[in-house]
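# Analysis of the macromolecular model
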Amino acid sequence: MARETKGNPMNPRKKVATRAAMSSKNKEQSGEQCQPKAPCSKFQQLPQALVLEILSSLSIKTLLNCRCVCKDWLSIISDPQFTKLHSSRSPVGILIKTYPPIRKSRKLDFTHIEDCAGSDLLLEKIRFNPQNSLPIGAMPEFRLINSCNGLLCLSGPNRDYPCFVCNPILGEHISIPPTNLSRNKCFFVGLGFSNGTNEYKLLQMTNGTEAEIYTIGTGVWRSVGNAPGDIDQLPFNPFLHGALHWVSYSSTVPDFIHSFDFEREQFRPLPVPSLLGNRLSDCYILEVVGGRLCLSVFDDDYSKFDMWVMKEYGVQESWTKILVFGNLYECPEERICHVYEPIMFLRNGEILLLFNNCAVVCYNQETKSFREIRITWTRSPFEAIAYSPSFVSLYNVSKGEEVKRVRRSKKSGKKSGKLLLEGSYECAGSGMPPRKSTKLNSGYGCPVFEEGLP
């Protein structure tokens, strides 16, 4: 059971900013203008470099409060220099979205996870919804496509709805115009960033044959030729080294991993682990985990899967098998198996995985044991994906394109019109000792792990 942790230890460098931020919290909750009567004189006397260093080390939740302390802090946190520094340090958390049609979900829950003593994890939660940050309006449902530098790409439940690029932290969004390609054919879109030109772009493909690109600020789609291979769907975390990555199920080894470079605007294949040989599978899961490509390869009968990591980008010899999960069947007689999807690596070496779209579990590589992390209490199936929020403002990247804000509805009340910074720090994992997965394997034994892996 999760329990609230009181008196959590805090880095002394953060106390100055945190105290001032907390003093503004009551004003924010009451709807008053978030400006103190006197300037933050002591903090302003610090060198600018030290101010940036302190603020960039704070959590998202604290920074949201800091923006309301005074105009000077708001200006610092909104400055592109600060957002770039913060983005390089922004901690990775987990974004939760429940699946329809069991529940019509119009919200996203973000949980920042921080390691602490023992097996405990500190959890800090923020909720995004249409009243405070999501540009979905009256859409009954929305699809979470992918993320890039803290920006989210969203679309409606079908192709009749528009596509959006938004920053849920700031409540800003841009509506993307329809593509030149027939909407009945468009089935794949993804957001990326070009470091060379400092531009955000969207790639859209149809049936693995036609591809177009949209540069935010230009207002037009351009053809980039034919796209290689077919695709089931884009992973949520496919962006790495300026490119999107995905698996093509119609291709054969060794060219079933494809990428699109947003600076060169070119497609290219990536090598797969050489040890796969000519082995084909009906299921691959490709994600960016911990700043590296991570490929999970399931056996044809789904009885086990191998987890590979590309330690040096683009180098086939750098693929390293880090885990082998076996004995995945929940019910061997009915051939019903478990599915584990990697989400993120913790600093202590543990791995967070999504288990059967119904639980987030933590795997300890040393003890080879699981424990469940109570990140969400929903009974519906859900997506759990790694996400790093940022303060990148779309006004600084739109280059003249119209940017809108999600404004609080007067009818929705004060509470729903702001980001829900749910609770204080919570501690998950205590009271749930590492175990050989009784619940996770329903009595049919724990997964088998291959010894001697690095």
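None of these values were measured; they are calculated from a predicted model. Every chain's residues receive numbers from 1 upward, in the order its sequence appears when written. Side-chain atom pairs in this predicted model are given and counted only at pLDDT of 80 or more, local residue features only at pLDDT of at least 70, and totals for whole chains, interfaces and linings cover all residues. Derived side-chain values reflect all non-hydrogen atoms in the structure, with water molecules and hydrogen atoms excluded from consideration.

## Considerations on the sheet that holds strand β8 (residues 172-176)
Our working rule: Strand pairing follows a simple DSSP-based rule, namely that at least 2 bridges must link the two strands. Put simply, DSSP marks the helices as runs of H or I at least four residues long and the strands as runs of E at least two long, and each gets a number from the N terminus on.
Strand order in this open sheet of five strands is β5-β6-β7-β8-β27, and the pairing throughout is antiparallel. The open sheet is flanked by β5 (143-148) and β27 (404-405), the only strands paired with a single partner. Relative to β8, strand β7 (residues 163-167) runs antiparallel, the two sharing five bridges. Looking across to β8, one finds that F164 is bridged to S175.

## Re the packing of aromatic side chains
Basically, it comes down to this: Ring geometry is summarised as follows: Phe, Tyr and Trp rings, the Trp one being its six-membered ring, pair when their centres sit within 6.5 Å, and such pairs are stacked at plane angles under 30 degrees, edge-to-face over 60 and tilted between the two. Exposure classes here rest on a 1.4 Å probe applied to the protein chains alone. A residue is buried below 20% of its type maximum, exposed above 50%, and partly exposed in between.
Considering all chains together, one arrives at 10 aromatic pairs under this definition. Between F110 and Y387, the aromatic rings sit 5.8 Å apart at their centres with planes inclined by 90°, giving edge-to-face as the arrangement. Here F110 is found in strand β3 (residues 108-115), whereas its partner Y387 is found in strand β26 (residues 382-387), with 277 residues between them in sequence. Taking the relative accessible area as the measure of exposure, F110 reaches 2% and is therefore buried. Looking at Y387, the relative accessible area reads 1%, which means it is buried. Arranged with centres 5.2 Å apart and planes meeting at 45°, the rings of Y363 and F370 form a pair that is tilted. For F370, a relative accessible area of 2% corresponds to the buried category. Members of the aromatic cluster, connected to one another through ring pairs, are F239, W246, F260, F262 and F267.

## Digging into the pattern of salt bridges
Operational definition: We define a salt bridge as a contact between a side-chain nitrogen of Lys or Arg and a carboxyl oxygen of Asp or Glu at a distance within 4 Å.
Under the counting rule described, the total for this entry stands at 11 salt bridges. A salt bridge links E199 to K399; the shortest N-O distance between them is 3.6 Å. Of this pair, E199 sits in strand β10 (residues 199-206) while K399 sits in the loop between β26 and β27; the two residues are 200 residues apart in sequence, bridging distant segments of the chain. A residue is classified by how much of its surface remains accessible, and K399, at 46% relative accessible area, is partly exposed. In this structure, E372 engages R374 in a salt bridge whose closest nitrogen and oxygen atoms are separated by 3.5 Å. A relative accessible area of 26% means that R374 is categorised as partly exposed. Taken together, the salt bridges that share partners define one network made up of K201, R222 and E265.

The quantities given are spatial measurements derived from coordinates; they are silent on function.
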